[in-house]
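Each chain, letter by letter, is given below.
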Amino acid sequence: MLRRFIPLLLTIISLLLLPLSAEELWVRNRPFQGQVEGKGNSMKVDLDALLKALELEATIQGNEVIFGDFKVPIETDSSGVRMVLLRDMATGAGLRIRKNPDLGTVDVFTETAGSGDKGDFSAISDSSNSTSRSSSGNVHEKPDYRIKVPSGLEYTDDPSMMAFLKDYVGQRSGGAPDNTSFEFILKPKRGNNDAVLLLMKMTGLPPLESIPPEVEAKMVEGFASGVARKGRILSGPTKLAIGGKTFFKVTYASVEKGENKKNEAYMHVSAPRGTLYALLFGDRENDFNRSAPLFRQAINNFYVK
């Protein structure tokens, strides 16, 4: 029966509701374990953790770390952690920095320490340009679902990017179950880089003609509990129809790196397919009312076959 899958459902909800940061620092394709402050040209990083992660040797004299003739200023925070501007480290240590705006990540690699000629932080490349299959304003169809994407949003479902995103979220949540997949993400074509909609799918549930009411109630309760662990519920769970199918919606608030966010989570279980579909949209609280209508248009044009 579906009851034995409720703990797994809670796991997937926990993964789904994990906020995606505006810019997360990775080093050599792995999440950075040190302290990070700010983003873009103002991003500061834990010097000692960065040197260890990149296996770099450096000369530290007073409040400066030296690479050849290039000196990078060091700031020590209130807890005693030595912090440096990533853009200065990129120039001094000759780092290669790659930004992926679709995933909101910044990845750092080693070039030649001391060269000072390969770390132009302002020239960060978009790694998704050559790999992701993106399009907008049309219908995207898969064997079990389809979605019509409004012209103001960009659709990305590149398999390698989706696998990377699943691994990224899984590492922050203790691992994602094997029978889950990230199907696509939607982001605005212009402007706001913090707004994103994600479809997550979990297969392998026992196929049923319909879900017993008592089991559905437990699933909805688990859905709401998963939201509560990640923030404060503003409304829901609310039962509604999307594409002629029953979904449950929860609206909740969260705080991410000091910024207030507002989020909407939608869940549908296809009993005959034995598959759970979860849609999550989130944005900064101040921008949510402007971006939500366009994303809700996409959600309302999502159809499970």
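Now for a description of the structure that goes with this document. All of these numbers come straight from a predicted model, not from anything done at the bench.

Digging into the overall build of the protein
Inference 1: Per the secondary structure count, the protein includes six helices and 23 strands.
Inference 2: When each of the 305 residues of the protein is scored for burial, the buried share is 48%.
Inference 3: Look at the contacts in the protein between residues 6 or more apart in sequence, and 58% of them connect residues 24 or more apart.
Inference 4: Of the accessible surface of the protein, which amounts to about 14,200 Å², a share of 46% is contributed by carbon and sulfur atoms.

Topic: the pairing of strand β20 (residues 245-256)
Inference 1: In terms of strand pairing, strand β19 (residues 232-242) meets β20 through eight bridges, oriented antiparallel. Across the sheet, the residue bridging to arginine 232 is alanine 253, located in β20.
Inference 2: Count of turn residues in the β19/β20 antiparallel hairpin: two residues, of which glycine 243 carries a positive phi of about 60°.
Inference 3: In terms of strand pairing, β20 meets strand β21 (residues 259-270) through nine bridges, oriented antiparallel. Paired with valine 250 across the strands is alanine 265, a residue of β21.

Some words on the environment of lysine 39
Inference 1: The topology assignment puts lysine 39 in the loop between β3 (36-37) and β4 (44-46).
Inference 2: It is 9.1 Å that separates the C-alpha atoms of lysine 39 and leucine 25, two residues lying 14 residues apart in sequence.

Thoughts on the sheet that holds strand β15 (residues 145-148)
Inference 1: Strand order in this open sheet of three strands is β14-β15-β23, and the pairing throughout is antiparallel. The open sheet is flanked by β14 (139-141) and β23 (302-304), the only strands paired with a single partner. Averaged over all neighbouring strand pairs, the angle between strand axes comes to 10°, with direction disregarded.
Inference 2: For β15 and β23, the ladder comprises three bridges, and the chain directions are antiparallel. Within β23, the residue paired with arginine 146 across the bridge is tyrosine 303.

Quick word on unusual backbone geometry
Inference 1: A positive phi angle, close to 55°, is found at glutamate 55, a residue other than glycine.
Inference 2: Structurally, glutamate 55 is set in the loop between α2 (47-54) and β5 (59-61).

Quick notes on the sheet that holds strand β7 (residues 70-73)
Inference 1: What the three strands build is an open sheet, ordered β5-β6-β7; its pairing is antiparallel. Strands with a single pairing partner mark the edges of an open sheet, and in this sheet they are β5 and β7. Geometrically, the sheet is characterised by an average inter-axis angle of 30° between neighbouring strands, direction not taken into account.
Inference 2: Pairing between β5 and strand β6 (residues 64-67): three bridges, direction antiparallel. By the bridge assignment, glutamine 61 is partnered in β6 with glutamate 64.

Comments concerning the pairing of β21
The side chains of a regular strand alternate, residue by residue, between the two faces of the sheet.
Inference 1: For β21, the tally of buried residues reaches nine of 12 residues, placing the bulk of the element in the interior.
Inference 2: Pairing between β21 and strand β22 (residues 275-284): 10 bridges, direction antiparallel. Each bridged residue has a counterpart across the sheet, and for lysine 262 the counterpart in β22 is aspartate 283.

Quick look at the pattern of salt bridges
Pairing of side chains with opposite charge becomes possible as their charged atoms draw close.
Inference 1: Going through the model one piece at a time under the given rule, you end up with nine salt bridges.
Inference 2: Note that arginine 82 and aspartate 48 form a salt bridge whose closest N and O atoms lie 2.7 Å from each other. Of the two residues, arginine 82 is situated in strand β9 (residues 82-85) and aspartate 48 in helix α2; the sequence distance between them amounts to 34 residues.
Inference 3: A residue is classified by how much of its surface remains accessible, and aspartate 48, at 36% relative accessible area, is partly exposed.
Inference 4: Residues glutamate 264 and arginine 296 are paired through a salt bridge, measuring 2.6 Å at the closest nitrogen-oxygen approach. Residue glutamate 264 is found in strand β21, and its partner arginine 296 is found in helix α6 (residues 285-300); the two are separated by 32 residues along the sequence.
Inference 5: Residue arginine 296 is classed as partly exposed on the basis of its relative accessible area, which comes to 31%.

How each quantity is defined
- Residues numbered from 1 in each chain as written.
- Predicted model: local features only at pLDDT ≥ 70, side-chain atom pairs only at ≥ 80, totals over all residues.
- Heavy atoms only, no water.
- Helix = DSSP H or I, 4+ residues; strand = E, 2+ residues; numbered from the N terminus.
- Buried < 20%, exposed > 50% of the residue type's maximum accessible area, 1.4 Å probe, protein only.
- Contact = heavy atoms within 4.5 Å.
- Areas by Shrake-Rupley, 256 points an atom, 1.4 Å probe, with all protein chains shown as cover.
- Pairing = 2+ DSSP bridges.
- Axes fitted to C-alpha atoms, helices over the stretch in contact; angles between N-to-C directions.
- Salt bridge = Lys/Arg side-chain N within 4 Å of Asp/Glu carboxyl O.

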